[in-house]
Each structure stands twice: as structure tokens, then as C-alpha cells.
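# Observations on the model geometry
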Amino acid sequence: MCGINGILYFDSNEPEKQSSYLENEIKAMNDEIRHRGPDNEGIFISYPLCLGFRRLSILDLSEKANQPMFNEDKSVVIVFNGEIYNYPELIPELKSKGHKFVTRSDTEVILHAYEEYGTDCVNKFNGMWAFVIFDFNKKIFFASRDRFGVKPFYYYANKERFTFSSEIKAILKTAKLNDAHTGKVFDYLSYGYKTSNGDTFFKDVRELLPGHNLVIEKNRIRFEKYWTLKNQGFSGSDTHEQLRELLYDAVRIRYRSDVPVAILLSGGLDSSIIAKITDELINEGKIENDVTAFSAVFPGFLHDESGYIDEFVNTCSHINSVRLTPGSNEFLKEIDDFVYGMGEPVFSATSFAHYILMKEIKEHN
């Protein structure tokens with residue numbers, strides 16, 4: 001899943017800070033999100049900018065694809081968490097405009113797309129992302145979050161600096177922010193879920209809203225909303241075929257990976273549709289290997305979906321099934337790590353079931 005961290009100091013005129021101090025700051029942030037990226041760690045320091053990265057290798061497993069990543073003349077640098085699913089389609093277009101690639105990674109696609117299109121590059125991407133680009137020539141700090149906010153981006157700003165991370169706990173390693181955001185707590189206790197308005201449970205720590213860019217230029221922060229969900233719907237007699245084509249394409253491109261991909265199967269409609277499309281795409285040769293579906297089941301409970309999972313998997317030729325039953329003993333054993341990992345309150349124990357499933361998926365590589 002990867003993790004990104006960074007600090008941008010606003011007062012670039014002050015005497016240069018000691019590199020050891022800056023390295024300690026960004027290293028502490030990286031260490032706090034080590035779980036997000038066990039494969040590699042990257043740090044870049046050039047005052048007033050510090051960038052940190054923890055990598056989980058998915059596309060182009062070579063060292064060349066490590067981050068922070070630079071363009072050819074090192075005038076632009078990026079740290080990026082997520083996946084740009086349509087990166088293979090963007091490479092020929094960028095090559096035709098003179099850009100040269102040294103990796104097979106989607107990270108480099110973002111770099112060159114920014115060079116070509118500026119902050120409008122996000123309109124080219126089909127994927128999920130949270131990234132930061134720093135343009136040394138233009139002295140522009142450019143951050144972006146995907147359309148639905150799949151990937152997290154938290155930040156804290158004061159007069160001295162702008163600090164960001166994939167997780168709040170990393171920001172807390174560099175700033176004493178222990179006060180609760182009482183309005184957020186009230187919303188959670190009143191409505192039972194986390195509202196997405198940019199606030200977090202920590203006072204002064206915010207998250208970049210989905211579908212937004214954040215740009216810092218001349219020490220001024222501005223936000224740009226680059227996307228809004230439009231109620232266009234489908235039209236004409238081929239509505240069914242349009243929807244089918246979108247669903248199949250969405251599933252297919254998510255299997256673009258240099259490591260095995262798993263799916264979650266609850267027995268409900270959404271996950272069963274994804275699993276069935278996967279099975280058909282494998283049968284058609286559009287996905288190379290069989291896929292394993294991981295499920296949390298609770299035999300004997302009223303809402304256990306084991307029967308639906310059994311019935312569904314029997315209709316598939318290429319879906320293997322792995323099932324777990326997270327229990328109260330497991331919850332008591334894991335609760336400290338789970339709460340710390342989540343960082344903020346969650347709605348229900350469903351998140352704990354996901355937590356256990358993800359640990360099992362990791363065990364299966």
C-alpha cells in the first residue's frame with residue numbers, strides 16, 4: 001500500500017538547518033508507517049524540503065522504481081501512494097511528446113505527465129492516489145488525492161512548516177498535537193460514523209478532500225477541486241452493455257500487477273459481481289492466473305454468509321477460497337495493534353475482520 005511523508009519549511013531564508021536534525025525528523029515519520037511499506041525506504045532532504053517514503057512493491061519491482069523518484073534533470077521529485085491503472089496507455093502518448101522512461105512504473109508516468117500537463121495531469125489518471133510533487137524550478141509544492149479519497153492524505157500546517165503523511169500518527173511524531181477535535185468527536189458519537197469534511201479527530205490535523213489538489217506557492221496554500229461526480233447516468237437502448245463494459249474494464253485493469261492479486265468475497269452482491277467478472281476474465285485469457293478469494297465467515301451466527309459463499313464459489317472455475325473466522329479471543333489479542341493501526345475510531349467490528357483478512361493475505365504472499 002506504500003506510505004508517504006514530508007515536511008516543507010516555509011522560511012527558506014533562515015540559516016540552513018542541520019541535515020542530521022532534518023533526517024531525524026523524516027526518519028521518525030518513516031519508522032511510524034513502516035507497516036505500509038516493508039520493501040524499501042527512501043529519504044530525500046534538500047532544505048526547505050524533506051520527503052520520506054515506505055514502499056510496498058507492486059509495479060516494476062526493481063530498485064529503479066524506488067522513491068522518492070526524480071525526472072531526468074532532477075528538477076522534479078515525487079512521492080506517491082496508490083496505483084494509476086491506465087499507466088500503460090499513457091506511456092506511448094508521453095513518449096510521443098519526447099519523454100523518456102527508465103522504469104515500468106506508474107510513478108514515473110505521473111512525473112512525466114506533470115511535466116507535460118502541469119497540475120491538470122490528474123485528469124488523465126484512472127486510479128487511486130495520494131502524491132506530492134515538488135518542482136524545484138517553479139518552486140511549487142503540488143499534492144493531489146484521488147477522486148473518491150481511496151488513498152489517505154493528512155496534513156498539519158503552521159507558520160513554520162507544512163507537514164503531511166499517509167497516517168496521522170507520523171505527523172504526531174514531529175508535532176505535539178494531543179487535543180481532540182470536539183466537533184468531530186460529537187459527530188461520531190451522534191451519528192456513528194466518520195464524516196468526510198476535511199477534519200480529523202485531532203485538532204489542527206486535516207485531510208485533503210477527495211477530488212482535490214493542494215498547491216503551495218510562495219508560502220501560500222491553495223486548494224483546487226478538479227473533479228465532481230456528475231449525474232449523467234446511461235442513455236439509450238444499450239444501457240446494460242455500457243454498464244457491463246465499465247464493470248469489466250474496472251476489474252480487468254486492477255489486475256495489472258507484478259505480484260499476485262487477491263480479492264475479498266463476503267457472499268454479498270458487490271463482491272460476488274467482482275469475483276464472477278474475475279472468473280470470466282480468467283476464462284477468456286484476459287487475466288493469466290487463478291485468483292484466491294478471502295472471506296470472513298461466522299458459522300452459527302444469524303448473518304453468516306458461508307452458504308452464499310459456498311453456492312457462489314461452486315459456479316466459478318478459477319476462484320480459490322480461503323476462509324477465516326475472527327473471534328473474540330483473537331480480537332482481545334490484537335486489539336492494541338488494531339486500534340493503533342487504524343489511528344482513528346471506526347464504525348464497527350467489520351474493520352477488524354478486514355484487518356485479520358489482510359494479515360492472512362500477507363501470509364499467502
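None of these values were measured; they are calculated from a predicted model.

Before going further, it helps to examine unusual backbone geometry. Here the residue pair Y47 and P48 is connected by a cis peptide bond, since its omega of 20 degrees sits within 30 degrees of zero. Within the element layout of this structure, P48 appears in the loop between β2 (40–46) and β3 (49–55). With an omega of 0 degrees, the peptide bond between Q67 and P68 qualifies as cis. Its location among the elements puts P68 in the loop between β3 and β4 (69–70). A positive phi angle, near 50 degrees, is found at D60, a position not held by glycine. Positioned with a positive phi, K218 is a non-glycine residue whose angle comes to about 55 degrees. Relative to the helices and strands, K218 resides in the loop between β11 (212–217) and β12 (220–225).

Attention shifts here to a negative patch on the surface. A cluster of acidic side chains, namely E72, D73, E115 and E116, defines a negative patch on the protein surface. Relative to the assigned elements, D73 resides in the loop between β4 and β5 (76–84). With relative accessibility at 55%, the residue D73 sits in the exposed group.

The next subject is the sheet that holds strand β8 (residues 154–157). On the basis of which strands lie adjacent, the open sheet formed by six strands has the order β2-β3-β1-β9-β8-β10 and antiparallel pairing. Two strands in the sheet have a free side with no partner beyond their single neighbour: β2 and β10 (206–207). Across the sheet, helix α1 (residues 19–32) lies against β1 (3–9), β2, β3 and β9 (161–165), angled at about 150 degrees from β2, the strand it touches most.

Under the definition given, this model contains 20 salt bridges. R256 serves as the salt-bridge partner of E89, at 2.7 Å between the closest nitrogen and oxygen. You can see E89 sitting in helix α2 (residues 87–96) and its partner R256 sitting in the loop between α6 (239–253) and β13 (263–264), a full 167 residues away along the chain. On the basis of relative accessible area, E89 is assigned to the partly exposed category, the value being 43%. Residue classification places R256 among the buried positions, given a relative accessible area of 19%. Note that E284 and K286 form a salt bridge whose closest N and O atoms lie 3.5 Å from each other. Connected through salt bridges with shared partners, the residues K27, D31, R34, E41 and R54 form a single ionic network.

Attention shifts here to a nonpolar patch on the surface. On the surface, F186, Y191, Y193 and F347 cluster together into a nonpolar patch covering about 510 Å² of accessible area. Mapped onto the elements of the fold, Y193 is located in the loop between α5 (182–191) and β10. Residue classification places Y193 among the partly exposed positions, given a relative accessible area of 44%.

Our focus in this paragraph is the packing of α2 against helix α3 (residues 106–117). As a packed pair, α2 and α3 sit with axes 10 Å apart at the nearest point and diverge in direction by 45 degrees. Viewed along their axes, α2 and α3 adopt a mutual orientation that is oblique. Viewed along their axes, α2 and α3 form a crossing whose handedness is left-handed. Here Y87, L90, I91, E93 and L94 of α2 come into contact with α3, specifically with D106, V109, H112, A113, E116 and Y117. For the contact of α2 with α3, the residue count by class is seven nonpolar, one polar and three charged.

Before going further, it helps to examine the pairing of β11. Of all six residues in β11, five are buried, a share of seventy percent or more. In this structure, strand β7 (residues 140–145) lies alongside β11, joined through five bridges in antiparallel fashion. Bridge pairing in β11 links F141 to I216. Here β11 pairs with β12 via six bridges, running antiparallel. Following the sheet pairing, L214 is matched in β12 by F223. What sits between β11 and β12 in their antiparallel hairpin is a turn of two residues, with K218 showing a positive phi close to 55 degrees.

This brings us to helix α9 (residues 328–342). Between the first and last C-alpha of α9 there are merely 18 Å, a value that for 15 residues lags more than 12% behind the 21 Å anticipated at 1.5 Å per step. Helix geometry: α9 is bent most strongly at E334, by close to 60 degrees.

For α1, spanning 14 residues, the distance from its first C-alpha to its last is 20 Å, which sits close to the expected 20 Å at 1.5 Å a residue. Those residues of α1 that sit buried are L22, E25, I26, M29, N30 and E32.

Our focus in this paragraph is the environment of A175. Counting through the fold element by element, A175 comes out in the loop between α4 (168–172) and α5. Assessed through its relative accessible area of 12%, A175 is described here as buried. Aside from chain neighbours lying at most four places away, what touches A175 is Y156 and R161.

Moving on to the packing of α9 against helix α10 (residues 350–363). Between α9 and α10, the shortest axis-to-axis distance is 11 Å and the interhelical angle comes to 95 degrees. Between α9 and α10, the crossing angle belongs to the class labelled roughly perpendicular. Here α9 contributes E330, F331, E334, D337, F338 and M342 to the contact with α10, which in turn contributes S351, F352, Y355, I356 and K359. Class assignment for the residues of the contact of α9 with α10 results in six nonpolar, one polar and four charged.

Calculation criteria
Residues numbered from 1 in each chain as written. Predicted model: local features only at pLDDT ≥ 70, side-chain atom pairs only at ≥ 80, totals over all residues. Heavy atoms only, no water. Helix = DSSP H or I, 4+ residues; strand = E, 2+ residues; numbered from the N terminus. Patch = residues over 30% accessible without salt bridge, like charges linked within 9 Å, V, L, I, M, F, W, Y side chains within 5 Å. Areas by Shrake-Rupley, 256 points an atom, 1.4 Å probe, with all protein chains shown as cover. Salt bridge = Lys/Arg side-chain N within 4 Å of Asp/Glu carboxyl O. Lys, Arg positive; Asp, Glu negative; His and termini not counted. Charge placed at Lys NZ, Arg CZ, Asp CG, Glu CD. Buried < 20%, exposed > 50% of the residue type's maximum accessible area, 1.4 Å probe, protein only. Pairing = 2+ DSSP bridges. Contact = heavy atoms within 4.5 Å. Axes fitted to C-alpha atoms, helices over the stretch in contact; angles between N-to-C directions. Parallel < 35°, antiparallel > 145°, perpendicular 65-115°, else oblique. Left-handed = near helix turned anticlockwise from the far one by under 90°. Nonpolar A, V, L, I, M, F, W, Y, C, P; charged D, E, K, R; others polar. Expected span 1.5 Å × (residues − 1). Bend = angle between axes of the 7 residues up to and from the residue.

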